[in-house]
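The lines below spell out each chain.
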Amino acid sequence: MKSRRCQVVKPLILLAALSLIFQVLPAWSQGSPPPQGKPALYEFGAGYCVSCKEMAKVMAELKTSHSDQVEFRMVYVDKEKPLFEQYKIMLIPTQVFLDTSGKEVDRHIGALTKDEVIKKLQELKFIR
């Protein structure tokens, strides 16, 4: 009787442990969260995408001028697929705006100009 109970209980414990691990994995796959007190803009794209290449230039310019206020991060599908899955990115380019705690507060699909990104960052009160 005891061995039969063990045959049932052990798989249940293993299943519960696996369930717990899979709940924790999305947080691990997020990579480094934005530095405390600093909002972030994640640009999701791919190296072969023309609009994504344009956005990479915009992000580089913004990083130069506003990195003291916002973290700017390029996320490429072929390098960081778990982040694409975590944020449920379906089209590229997509910009995800994160508050200081790492919570998504807005997103945009498609390319933006530098001025459009700055306007959005100001609306979200990420920059002055």
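Residues numbered from 1 in each chain as written. Predicted model: local features only at pLDDT ≥ 70, side-chain atom pairs only at ≥ 80, totals over all residues. Heavy atoms only, no water.

> I would appreciate a short explanation of the overall build of the chain in the present structure.
Scanning the chain from terminus to terminus reveals four helices and four strands. Along the chain, helices and strands appear, N-terminal first, in the series α-β-α-β-α-β-β-α. Within the chain, buried positions represent 33% of all 128 residues. Considering only residue pairs separated by 6 or more positions, the chain has 62% of its internal contacts joining residues 24 or more positions apart. Accessible area for the chain stands at about 8,400 Å²; split by element, carbon and sulfur atoms hold 60% of it. (Helix = DSSP H or I, 4+ residues; strand = E, 2+ residues; numbered from the N terminus. Buried < 20%, exposed > 50% of the residue type's maximum accessible area, 1.4 Å probe, protein only. Contact = heavy atoms within 4.5 Å. Areas by Shrake-Rupley, 256 points an atom, 1.4 Å probe, with all protein chains shown as cover.)

> I tried to follow the sheet that holds strand S4 (residues 104-109) on my own but got confused; where do I start?
Each strand in a sheet pairs with its neighbour through backbone hydrogen bonds, running either in the same direction (parallel) or in the opposite one (antiparallel). Strand order in the open sheet made by the four strands is S2-S1-S3-S4, with mixed pairing throughout. Looking at which strands have only one partner, the edges of the open sheet turn out to be strand S2 (71-76) and S4. Ignoring which end each strand starts from, the neighbouring axes of this sheet average 20° apart. Against the sheet, helix H2 (residues 50-66) engages strand S1 (40-45), S2 and strand S3 (94-98), with an angle of about 155° to S2. (Pairing = 2+ DSSP bridges. Axes fitted to C-alpha atoms, helices over the stretch in contact; angles between N-to-C directions.)

> I keep staring at the packing of H2 against helix H4 (residues 114-123) and nothing clicks. Help me out?
When two helices pack together, their arrangement is given by the angle between the helix axes and the distance between those axes. Here H2 crosses H4 at 55°, and the two axes come no closer than 10 Å. The angle between H2 and H4 places the two elements in the oblique class. Seen along the crossing, H2 lies across H4 with a hand that is right-handed. Residue-level contacts link Met55, Val58, Glu61, Leu62 and His66 of H2 to Lys114, Val117 and Ile118 of H4. Grouping the constituent residues of the contact of H2 with H4 by class yields five nonpolar, one polar and two charged. (Parallel < 35°, antiparallel > 145°, perpendicular 65-115°, else oblique. Left-handed = near helix turned anticlockwise from the far one by under 90°. Nonpolar A, V, L, I, M, F, W, Y, C, P; charged D, E, K, R; others polar.)

> Quick question: what am I supposed to make of a nonpolar patch on the surface here?
Taken together, the side chains of Met90, Leu91 and Ile109 present a nonpolar region at the surface, about 360 Å² in accessible area. As for its position among the elements, Met90 is in the loop between helix H3 (81-86) and S3. (Patch = residues over 30% accessible without salt bridge, like charges linked within 9 Å, V, L, I, M, F, W, Y side chains within 5 Å. Salt bridge = Lys/Arg side-chain N within 4 Å of Asp/Glu carboxyl O.)

> Quick question: what am I supposed to make of the confidence of the model for the chain here?
Low pLDDT means the predicted coordinates in that region are not meant to be read closely. In the predicted model, the chain carries a mean pLDDT of 82, and the fraction of residues at 70 or more is 72%. Contacts of residues 17-30 to residues separated by more than four positions or lying in other chains number nine contacts, the stretch itself having pLDDT below 50. (pLDDT = per-residue confidence, 0-100.)

> So what exactly am I meant to see when it comes to the pairing of S3 here?
For a regular strand, side-chain orientation follows a simple rule: the groups alternate between the two sheet faces. Taken across its five residues, S3 has five buried, putting it largely inside the fold. Here S3 shows a buried face lined by Thr94, Val96 and Leu98 and a second buried face lined by Gln95 and Phe97. Across five bridges, S1 lies against S3 in antiparallel orientation. Bridged to Ala40 within S3 is Leu98. Bridge count between S3 and S4: five bridges; the pairing is antiparallel. For Val96, the partnering residue across the bridge sits in S4 and is Arg107. In this structure, the hairpin formed by S3 and S4 is closed by a connection of five residues, where Gly102 is found at a positive phi of approximately 90°.

> Is there a simple way to think about the packing of aromatic side chains in this case?
The description of an aromatic ring pair rests on the distance of the ring centres and on the angle between the ring planes. Under the criterion given, the structure shown has four aromatic pairs. Look at Tyr42 and Tyr87: their rings are 6.2 Å apart centre to centre, the planes differ by 80°, and that puts the pair in the edge-to-face class. A residue pair is termed long-range when its members are at least 10 positions apart, and Tyr42 in strand S1 and Tyr87 in the loop between H3 and S3 qualify at 45 residues. When its relative accessible area of 0% is taken as the criterion, Tyr42 is described as buried. You can call Tyr87 buried: its relative accessible area is 7%. (Phe/Tyr/Trp six-rings, centres within 6.5 Å; stacked < 30°, edge-to-face > 60°.)

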